[in-house]
Amino acid sequence: MATSDKGLVGIPLRAKLSAKYKNSFAYPTIKDRCPVILCKIIDHLYRERLSIGKVYGMEAQEGLKKIIDLLSGLRYEMQTNKEIKPLSDGRKCCQIWNDYLNDEKNKGEGTTWFSASWMWSECYLYRRILESMSIVHELRDFDFFRHQKEEGFRDSLLSMEQLGEWLLQILPGEYPSCSVETQSLFNTLLQISLWGNKCDLSISAGSKQSATGNTLDQLQSLVDRILVDQSSLAWSSLEVSNQTVDIVMDNAGYELFTDLCLADFIISCNKATKVRFRLKNQPWFVSDTTRQDFDWTINNLCGENENSALSKLGARWKSYLTNGMWEVLVDSFWTYPHVYSELQQVDPQLYSGLAEAKLVIFKGDLNYRKLVGDINWETTIDFKICLQGFLPTNILSLRTLKADVVSGLENGQAEKLTSQDKDWMINGNWGLIQFAQA
Ligand code: F6P
Ligand code: MG
């Protein structure tokens, strides 16, 4: 439970969250949710060994046994609170991870699964899964979450079609980019993209999560669930046209579709001449979008029934990608253990890249945790203070709450929310639209 002035009860104010605090969501994450995610991968690899063998060859099929052993060992390490180990799969970022481990050791911080910072241990899990896959050359880039992401996409097709039809109706509108009507549509698209973030597969430990029903009908009833809404500040930051907006993406499936709708609107109402999508370079937190997922999604939209809104949007979005109005960028920093106040030092090039944009939209819960440092803040603290100097340009966060980290609330709001819904910080039913001006 979080309080306005002291943050989470029983955890030192402004401490980094860690599974060593049983009161934090970090604890059940490392204890239960992560092992379940691992079990599901093991199960999937075992069940699909023959079909994997057909595609990747006999050696890969044989190699799966070793991978499964490694993943079972990883689960054991996690559940028995072993030391975090150096990585050795020869990928470029090994050094980054091993330096991080050494730094934590030198600082006297916890370096076991339950004593380490939550951000580090949870990110490290996904990196270790990748390391296990690396022992079989053919499976080095195998996406062990792809089937779940594709299922999430297919299960949301009806909601996507409804949203797509609406988008196609409003897009060609003659809205001057500064009109009240355009601003109101912008706010609607921000909310659609915000609630799209409910559909991630990591909070449910990989169980089905898809959109159902008509999102637009649902928006009105969700308005009171937006705890902070600074949409108008984001709108004002886009006063001038001929500029770039970046979106640091989160989940594939329905959320990705909502993000593409938002990006299209930003271009169509002349708020930007370019939108850059920033994606993960490896399978991450189950449902996060990789380049492959992005391309697969656009191609599958194009392949829908030719009269459907989805195929029209697919073709439209493909043309944005071809003519350079949309660009896809894959950066390795997003899958490092670092929080964003460390970005400039660790990846100065990426920091300058972000600074070229007029606005960077950060999608989702994990991005929010990284923005605010995954710290036990008092819930009333200013969002901008929590960024701890990370402000390459204007920042907008669209996030449903799925971790017990929050900022920018009013005094007494956290307590009121707890009496209304004891799981408000972690159940994904509450949202934030938070802005920080550079
Ligand atoms: O497991 C940690 C966590 O950050 C959760 O809090 C959240 O459910 C999930 O991972 C990722 O959420 P998102 O896809 O919104 O970043
Ligand atoms: Mg995610």
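Residues numbered from 1 in each chain as written. Chains lettered and ligands numbered in written order. Predicted model: local features only at pLDDT ≥ 70, side-chain atom pairs only at ≥ 80, totals over all residues. Heavy atoms only, no water.

**Comments concerning helix 8 (residues 180–196)**
1) Next: Over its 17 residues, helix 8 extends 24 Å from the first C-alpha to the last, a length consistent with the 24 Å expected when each residue adds 1.5 Å.
2) Next: Counting buried residues in helix 8 gives 12 out of 17 residues, a clear majority hidden from the surface.
3) Next: Among the residues of helix 8, those classed as buried are Thr182, Leu185, Phe186, Thr188, Leu189, Leu190, Gln191, Ile192, Ser193, Leu194, Trp195 and Gly196. (Helix = DSSP H or I, 4+ residues; strand = E, 2+ residues; numbered from the N terminus. Expected span 1.5 Å × (residues − 1). Buried < 20%, exposed > 50% of the residue type's maximum accessible area, 1.4 Å probe, protein only.)

**Things to note about unusual backbone geometry**
1) Next: Residue Asp374 is not a glycine yet carries a positive backbone phi of 55°.
2) Next: The topology assignment puts Asp374 in the loop between helix 16 (364–371) and helix 17 (383–386).
3) Next: Since its relative accessible area comes to 2%, Asp374 is described here as buried.
4) Next: With a phi angle near 50°, Gln388 is a residue other than glycine that sits in the positive phi range.
5) Next: Inspection of the secondary structure puts Gln388 in the loop between helix 17 and strand 8 (394–400).

**Looking at the site of ligand 1**
1) Next: In the vicinity of ligand 1 lie 17 residues, with Glu122, Asp365, Leu366, Arg369 and Lys402 positioned nearest.
2) Next: Take Asp365: an N or O atom from its side chain is 2.7 Å from an oxygen atom of ligand 1.
3) Next: In this structure, an oxygen atom belonging to ligand 1 sits 2.5 Å away from a main-chain N or O atom of Lys402.
4) Next: Isolated, ligand 1 exposes 390 Å² of accessible area, and the fraction of that covered by the protein chains is 100%.
5) Next: If you list the elements that add at least two residues to the shell around ligand 1, you get helix 1 (26–47), helix 5 (118–133) and helix 16.
6) Next: The biggest single contributor to the shell around ligand 1 is helix 16, with 4 residues.
7) Next: The residue makeup of the shell around ligand 1, split by class, is 5 nonpolar, 5 polar and 7 charged.
8) Next: Of the residues that make up the shell around ligand 1, three or more belong to each of domain 1 (18–139) and domain 2 (146–436). (Near = heavy atom within 4 Å. Polar contact = N/O pair within 3.5 Å; in protein donor to acceptor, adjacent residues only side chain to side chain. Areas by Shrake-Rupley, 256 points an atom, 1.4 Å probe, with all protein chains shown as cover. Nonpolar A, V, L, I, M, F, W, Y, C, P; charged D, E, K, R; others polar. Domains from an automatic or database assignment.)

**Thoughts on the coordination of the magnesium ion (ligand 2)**
1) Next: Coordination of the magnesium ion (ligand 2) by the protein is provided by Asp250 (OD), Asn251 (OD1) and Asp288 (OD), with metal-donor distances spanning 2.1 to 2.2 Å.
2) Next: Of note, the magnesium ion (ligand 2) draws all its donor residues from one chain, in the sequence arrangement D-N-x36-D. (Donors = N, O, S within 2.8 Å, 3.2 Å for Na, K, Ca; no water.)

**Some remarks on the packing of helix 5 against helix 16**
1) Next: At a minimum axis separation of 11 Å, helix 5 and helix 16 run at an interaxial angle of 140°. In terms of axis orientation, helix 5 runs oblique to helix 16. In this structure, helix 5 crosses over helix 16, and the sense of that crossing is left-handed. Listed contacts from helix 16 to Trp118, Met119, Glu122 and Cys123 of helix 5 are Leu366, Arg369 and Lys370.
2) Next: For the contact of helix 5 with helix 16, the residue count by class is 4 nonpolar, no polar and 3 charged. (Axes fitted to C-alpha atoms, helices over the stretch in contact; angles between N-to-C directions. Parallel < 35°, antiparallel > 145°, perpendicular 65-115°, else oblique. Left-handed = near helix turned anticlockwise from the far one by under 90°. Contact = heavy atoms within 4.5 Å.)

**Quick look at the domain arrangement of the chain**
1) Next: According to the domain assignment, the chain contains domain 1 (18–139) and domain 2 (146–436).
2) Next: Placing the centre of domain 1 and that of domain 2 at their C-alpha centroids yields a distance of 27 Å.
3) Next: Counting residues at the interface gives 20 residues for domain 1 and 26 residues for domain 2.
4) Next: With both chains or domains summed, domain 1 and domain 2 bury close to 2,000 Å², and 66% of this area falls on carbon and sulfur atoms.
5) Next: Area buried by domain 1 at its contact with domain 2 is led by Phe25, Met119 and Tyr126, which between them contribute 31% of it.
6) Next: Linking domain 1 to domain 2 there are 1 salt bridge.
7) Next: The closest approach of N and O atoms between Arg369 and Glu122, which form a salt bridge, is 3.1 Å. (Buried area = accessible area lost by both parts, 1.4 Å probe. Salt bridge = Lys/Arg side-chain N within 4 Å of Asp/Glu carboxyl O.)

**Examining the pattern of salt bridges**
1) Next: What the rule picks out here adds up to 29 salt bridges.
2) Next: When the shortest N-O distance is used, the salt bridge between Lys31 and Asp32 registers 3.2 Å.
3) Next: Assessed through its relative accessible area of 36%, Lys31 is described here as partly exposed.
4) Next: The salt bridge partner of Lys107 is Glu104, with a shortest N-O separation of 3.0 Å.
5) Next: One network of salt bridges, with partners in common, ties together Asp246, Arg276, Arg278, Asp331 and Glu356.

**Observations concerning the packing of helix 1 against helix 3 (residues 58–79)**
1) Next: Look at helix 1 against helix 3: their axes get within 10 Å of each other, and the N-to-C directions meet at 170°. When the axes of helix 1 and helix 3 are compared, the pair comes out roughly antiparallel. Judged by residue contacts, Ile30, Lys31, Cys34, Pro35, Leu38, Cys39, Ile41, Ile42, Leu45 and Tyr46 of helix 1 engage Leu64, Ile67, Ile68, Leu71, Ser72, Leu74, Arg75, Met78 and Gln79 from helix 3.
2) Next: Residue composition of the contact of helix 1 with helix 3, by class: 15 nonpolar, 2 polar and 2 charged.

**Here's the deal with the state of the cysteines**
1) Next: Under the definition given, this model contains 0 disulfides.
2) Next: Cys93 carries a free sulfur, and the closest cysteine sulfur to it, the one in Cys94, is 5.9 Å from it.
3) Next: Look at Cys93 and you get buried, because its relative accessible area is 15%.
4) Next: Sulfur of Cys302: no disulfide; nearest cysteine sulfur belongs to Cys261 and is 14 Å away. (Disulfide = S-S within 2.5 Å.)

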